[in-house]
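One-letter residues, chain by chain:
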Amino acid sequence: MATIAAHLSVEALRERYVSSSDAREARHFQTIWLLAKGHSVGEVVEMTSFGRRWIEQLAARYNAEGPEALGDLRRRNGSAATVLKRDVLDKLRLRLREPPDDGGLWTSAKVAAFLARELGLENVAAQRGWEALKACGMSIQAPRPKNPKSASPEEAAAFKKSLKTSSPRKPQNIPSGRSKCSRVTNIGSA
């Protein structure tokens, strides 16, 4: 039987298990709750389908750090946004209403250059420019490239004319009657 620190009462652990909206956190609280109720690690393994080693690690984490140590801890390991901040995105939305300085269309590289100027950085990756465009609700607006081997307008018109004067289609021959591929079989009673 594992010893569980009294950070929360057994009833409070049960309440956290039942009321949790995050499935991973709920299963972690269920595990600690079952251990706190007096179940052995082997019984908890069978009830939760967690491995023995993982249950022991969860119990050690809970005992050392309390309820904050349960759940998906990966969601708190990031840092705040450094480039795509709200005020910079607001300035970008205003700037996107006008054409870029060199004309043409806005590209991720042009947006990245704008972000670098606004933030006082030497450069910003073009990928961040793309993410900024998406954050502003923009999408690709450039036309698809033309196939270099495509026909000229005159050749396309000549092709269309040749289609209009094509010969009528011959009706398909649909076989009827018995098949001549196999011998006749009788499925009636003898």
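See the structure above.
One structure accompanies this document, and this report is about it. (Residues numbered from 1 in each chain as written. Predicted model: local features only at pLDDT ≥ 70, side-chain atom pairs only at ≥ 80, totals over all residues. Heavy atoms only, no water.)

In this section: the environment of glutamine 127. Position of glutamine 127 among the secondary structure elements: in helix 7 (residues 126–135). Glutamine 127 sits in the partly exposed class, given a relative accessible area of 43%. Separated by 15 residues in the primary sequence, glutamine 127 and alanine 112 have C-alpha atoms spaced 7.8 Å apart. (Helix = DSSP H or I, 4+ residues; strand = E, 2+ residues; numbered from the N terminus. Buried < 20%, exposed > 50% of the residue type's maximum accessible area, 1.4 Å probe, protein only.)

Our focus in this paragraph is helix 5 (residues 86–95). Structural remark: α-helix, 3.6 residues per turn; residues separated by three or four positions point the same way. Taken as a whole, helix 5 has its buried residues at Val88, Leu89, Leu92 and Arg95. In an axial view of helix 5, the angular spread of the buried residues amounts to 115 degrees, which keeps them on one side of the axis. Within helix 5, the exposed residues directed more than 90 degrees away from the buried face are Arg86 and Leu94. Along its buried surface, helix 5 packs onto helix 6 (108–119) and helix 7. (Arc of directions from axis to C-beta. Contact = heavy atoms within 4.5 Å.)

A few words now on helix 3 (residues 41–48). For helix 3, the set of buried residues is Val41, Val44 and Thr48. All buried residues of helix 3 fall inside an arc of 55 degrees around its axis, so they share one side. A positive phi of about 65 degrees marks serine 49, the residue just after helix 3.

On to the side chain of histidine 28, then. Within the secondary structure, histidine 28 sits in helix 2 (residues 23–37). Judged by its relative accessible area of 4%, histidine 28 is buried. At 2.9 Å, the side chain of histidine 28 and the backbone nitrogen of glycine 71 are in polar contact. Those residues in contact with histidine 28 that lie beyond four places of it in its chain are Phe50, Trp54, Leu58, Arg61, Leu70 and Gly71. (Polar contact = N/O pair within 3.5 Å; in protein donor to acceptor, adjacent residues only side chain to side chain.)

A side chain of one charge can pair with a side chain of the opposite charge when the charged atoms of the two come close. This structure, assessed with the given rule, holds seven salt bridges. A salt bridge links arginine 14 to glutamate 11; its shortest N-O distance comes to 3.9 Å. Placement of the pair is arginine 14 and glutamate 11 together in helix 1 (residues 10–19), with a separation of three residues, close to one helical turn. The partner of glutamate 118 in a salt bridge is lysine 91, and the shortest N-O contact between them spans 3.4 Å. In this pair, glutamate 118 is assigned in helix 6 and lysine 91 in helix 5, connecting sequence segments 27 residues apart. Residue classification places glutamate 118 among the partly exposed positions, given a relative accessible area of 34%. Taking the relative accessible area as the measure of exposure, lysine 91 reaches 43% and is therefore partly exposed. Counted as one network, the salt bridges with shared partners bring together Arg95, Glu98 and Asp101. (Salt bridge = Lys/Arg side-chain N within 4 Å of Asp/Glu carboxyl O.)

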